[in-house]
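Structural overview
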Amino acid sequence: MHIVVCIKQVPDSAQIRVHPVTNTIMRQGVPAIVNPYDLFALEEALRLKDRFGGRVTVLCMGPPQAEDSLRKCISFGATDAVLVTDRAFAGADTLATSYALAAAIRKIGQEQAVDLVFTGKQTIDGDTAQVGPGIAKRLGLNLLTYVSRIVELDLDTRRLKVERRAEGGVQLLETMLPSLITMLEGSNEMRFARLDDMLRAGRFPLRKWNKDDAGIEDLAKIGLKGSPTVVSKVFGPTPRAHKADMQVVEDSSPNDVALNLVEKVFTTHPQIEAGLVERLSA
Amino acid sequence: MSDTPKPAAPRAAGRAGRNTELPEHLKSYKGVWVFVEHDRGHVNPVSWELMGEARKLADKLQVGVAGVILGGPDEPLDSYAREAYAYGADRCYLMRDAVLKGYRNEPFTKGLTDLVNTHQPEIMLLGASAMGRDLAGSVATTLGTGLTADCTELNIDGRALAATRPTFGGSLLCTIMTLAYRPQMATVRPRVMQLPLRDDSRSGDVVEQGLGMVETEIVTKLLEFIPDATRNTINLPFADVIISGGKGLKNADNFKLVWDLARVLGAEVGATRAVVQAGWAEAERQVGQTGKTVRPKLYIAAGISGAIQHRVGMEGSDVIVAINTDANAPIFDIAHHGIVGNAMQVLPALTQAFSNRLARHIRKVA
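Not measured: the values here are computed from a predicted model.

1. Regarding the overall build of chain A
- Within chain A, the secondary structure is distributed over seven helices and 15 strands.
- Scaling as 2.2 N^0.38, a compact globule of 282 residues should have a C-alpha radius of gyration of about 19 Å, whereas chain A reaches 24 Å, well beyond that.
- Along the first, second and third principal axes, the C-alpha atoms of chain A reach 70 × 50 × 40 Å.
- Taking all 282 residues of chain A together, the buried fraction comes to 50%.
- In chain A, once contacts between residues fewer than 6 apart in sequence are set aside, the share between residues at least 24 apart is 71%.

2. Topic: the overall build of chain B
- Each helix and strand in chain B was counted, giving nine helices and 18 strands.
- By the compact-globule yardstick of 21 Å for 366 residues, chain B fits well, its C-alpha radius of gyration being 23 Å.
- Going through the 366 residues of chain B one by one, you find that 55% of them count as buried.

3. Examining helix α1 (residues 45-61) of chain B
Residues and elements named next belong to chain B.
- Here α1 spans 25 Å end to end across 17 residues, near enough to the 24 Å set by a 1.5 Å rise per residue.
- For α1, the complete set of buried residues consists of Val46, Ser47, Trp48, Glu49, Leu50, Met51, Glu53, Ala54, Leu57 and Ala58.
- One or two positions beyond α1, positive phi appears at Gln62, with a value near 55°.

4. Notes on the sheet that holds strand β17 (residues 319-324) of chain B
- Taken in spatial order, the six strands line up as β15(A)-β18(B)-β17(B)-β16(B)-β14(B)-β15(B) in an open sheet, and their pairing is parallel. A strand with exactly one partner marks an edge of an open sheet, and here the two such strands are β15 (245-248) of chain A together with β15 (268-271) of chain B. Put simply, the sheet's adjacent strands are angled 15° from each other on average, direction ignored.
- The sheet contact formed by β15(A) and strand β18 (residues 337-340) of chain B spans four bridges and is parallel. Note that in β18(B) the partner of A:Asp245 across the bridge is B:His337.
- The sheet contacts of helix α6 (residues 254-268) of chain A involve β15 of chain A together with β17 and β18 of chain B, and relative to β18(B) the element is tilted by about 175°.

5. Quick word on the interface of chain A and chain B
- The interface is formed by 78 residues belonging to chain A together with 90 residues belonging to chain B.
- Ranked by residues supplied to the side of chain A that touches chain B, first place goes to α6(A) with nine residues.
- Residue composition of the side of chain A that touches chain B, by class: 37 nonpolar, 26 polar and 15 charged.

6. Notes on unusual backbone geometry
- The omega torsion across A:Leu177 and A:Pro178 is -5°, close enough to zero to call that bond cis.
- Residue B:Pro183 follows B:Arg182 across a cis peptide bond; omega there is -5°.
- Relative to the assigned elements, B:Pro183 resides in the loop between β10 (172-178) and β11 (184-188).
- One non-glycine residue, B:Arg40, lies in the positive phi region at around 45°.
- With respect to the secondary-structure elements, B:Arg40 resides in the loop between β2 (38-39) and β3 (42-43).
- By the C-beta count within 10 Å, which is 13 here, B:Arg40 ends up partly exposed.
- The backbone of B:Arg191 sits at a positive phi, close to 75°, despite the residue not being glycine.

7. Notes on the domain arrangement of chain A
- Considered domain by domain, chain A is made up of domain 1 (2-221) and domain 2 (249-281).
- Between the C-alpha centres of domain 1 of chain A and domain 2 of chain A the distance comes to 49 Å.

8. Quick word on the confidence of the model for chain B
- In the predicted model, chain B carries a mean pLDDT of 90, and 92% of its residues have values of at least 70.
- Confidence drops under pLDDT 50 across residues 1-16 of chain B; counting only partners more than four residues distant or on other chains, this segment forms 37 contacts.

9. Quick notes on the nonpolar core
- Among the nonpolar cores identified, the biggest contains 141 residues, and A:Val5, A:Leu42, A:Val58, A:Leu59, A:Ala100, A:Ala104 and B:Val68 are the most heavily contacted of them.
- It is helix α3 (residues 94-111) of chain A that contributes the most residues to this core, ten residues altogether.
- Not counting residues within four places of it along the chain, the set of residues in contact with A:Ala104 comprises A:Leu59, A:Val82, A:Val84, A:Trp209 and A:Ala214.
- With 55 residues, the next largest nonpolar core counts B:Val275, B:Val287, B:Ala302 and B:Ala343 among its residues.

10. Details of the domain arrangement of chain B
Residue and element names in this part refer to chain B.
- Per the domain assignment, the segments of chain B are domain 1 (24-217) and domain 2 (236-357).
- With eight residues of domain 1 at the interface, the matching set in domain 2 holds nine residues.
- The residue inventory of the side of domain 1 that touches domain 2, partitioned by class, reads three nonpolar, three polar and two charged.

11. A look at the sheet that holds strand β6 (residues 55-61) of chain A
- With respect to topology, ten strands assemble into an open sheet ordered β13(A)-β7(A)-β6(A)-β1(A)-β8(A)-β12(A)-β9(A)-β10(A)-β11(A)-β13(B), the strand pairing being mixed. Sheet topology places β13 (207-209) of chain A together with β13 (221-227) of chain B at the edges, where each strand pairs with a single neighbour. Sheet twist, expressed as the mean angle between neighbouring strand axes with direction ignored, is 30°.
- With six bridges joining them, strand β1 (residues 2-7) of chain A and β6(A) adopt parallel strand pairing. Note that in β6(A) the partner of A:Ile3 across the bridge is A:Val56.
- Strands in contact with helix α2 (residues 67-76) of chain A are β1, β6 and β7 (80-84) of chain A; relative to β7(A), the strand with the most contacts, it is inclined by about 165°.

Rules used throughout
- Residues numbered from 1 in each chain as written.
- Chains lettered and ligands numbered in written order.
- Predicted model: local features only at pLDDT ≥ 70, side-chain atom pairs only at ≥ 80, totals over all residues.
- Helix = DSSP H or I, 4+ residues; strand = E, 2+ residues; numbered from the N terminus.
- Rg over C-alpha atoms; globule rule 2.2 N^0.38 Å.
- Buried ≥ 20, exposed ≤ 12 C-beta atoms within 10 Å, placed from the backbone.
- Contact = placed C-beta atoms within 7 Å.
- Expected span 1.5 Å × (residues − 1).
- Pairing = 2+ DSSP bridges.
- Axes fitted to C-alpha atoms, helices over the stretch in contact; angles between N-to-C directions.
- Nonpolar A, V, L, I, M, F, W, Y, C, P; charged D, E, K, R; others polar.
- Domains from an automatic or database assignment.
- pLDDT = per-residue confidence, 0-100.
- Core = buried A, V, L, I, M, F, W, Y, C linked by C-beta atoms within 7 Å.

Right, here's the structure in full:
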């Protein structure tokens, strides 16, 4: 079995700072990590490899530094890694990104047919959750988003049964390989890297593909040119115009502050009190 | 949608290689559509929230609003259509087919894509739900058009949709436009937009279209729907009052103080991502960028510093009360009432104060 896992290298969002004047992301010193959601996809792929054998190829589109994230994935046990990197991809939105990744997966499939593609649920920087469905559409893979559990996989019949998270419950879906799964967070726990895999990761000859290597046919479909969406404005969140009405416990006591607050909230918003009384009396 | 914010530019026109002019053949695309998401007898309220937004956009453009309803022949699609009119639609496009019972990507993608190609709307809105995001990505890729995910604000700039969304976990906001392609697609998270007033005297027309697909053509089968056991126990997005706790509460034991206050107020309990990760509260209680968006009448944040990732999930609340030891915590920037102090002391005091005050009233009512 051949599984491709798509990952993205993202800045650790917990440490992102925005320049107060230029409103640009200050990347200096912000560590880059594998998009946390993608690790659930990688772990699930590795579990299938443990059970059924085969290969797990990790694929990433990004700047040359994204090599670090791919090595990280090798250290967890991935078989192979491909970095698709080319200036021509810069500025890609989700449509252009899915075009480039789909081309690369097609190319990877020429070496060994791809049975399953995994992605994370979404990235933590873009948060769109659109690239997975886009790749599936372009490659004609049966799409399964928000998968919380792989229930059954039968390589002989090529049947795949999964649980998919939906509003208010889970759908039990059955489909056929080849398929694309976007994996829900919390569905598994990432393994620890083994020492031999860590050593292998350090010297692993990962492949770097430019747009030609990746088999890009239509240059009008990648990068800025291939992106129908245009960013017209980037700005910081606006602070609220009104300052909060402040009380300091040290200047009085917890009880007085609490009494004061209840009084203030209910006086300015009598409907909140009325609503509470109505509900609690019922 | 772009994953990476590009440098700010007032207008992208004239940038190398970009086609920002709408081609002639796409200029006839008119109207604002809302995909009406329903499952097992209920419309997801996000569809009606979007209907309200669609109405505002359409009025600015002086065009009509349409609801798109796909479902099985034995589902009450006509009653959903009547609801759609009540919330602002002028027309509904209906597709009834046995293969459309229960959401599946393949038939829904074909159905919605066919409707768009036939009737040519300029704007298409979907909820940023498990269904809406699954469908939007597939439809936009099939149509080769632009899709902006998880918008928090929609507007019209010129004649185009200006969709604003948080990016980088909410540290920045981006306004994104699809200038040279139609329809302009966007998804919006539940509870970000306000539910419009319902007017049952409104009506509209219906356009029915066939799907032209048979079950044997569809690879993926929906075997079963397993409802959550806890379906109605945690209903954060629609709670009137939410008490949330953050890492400032120090440990799981202190987090129980949040529960004490919530019990007195009949409120739901929310949490920050850090608290969920620490295991003090269930994942369903997480408020924020990667959790739920809420807009209660009263939101009390205890021991929450107010990282932007949390704020984007709760800043639509009517009244925000924040309790934090740090007077400079960013949560006070968006709070209406701030208490500088230790939440472990303030929470029990608030529980007592609210309890006394409400007991008085409830006795009166009784």
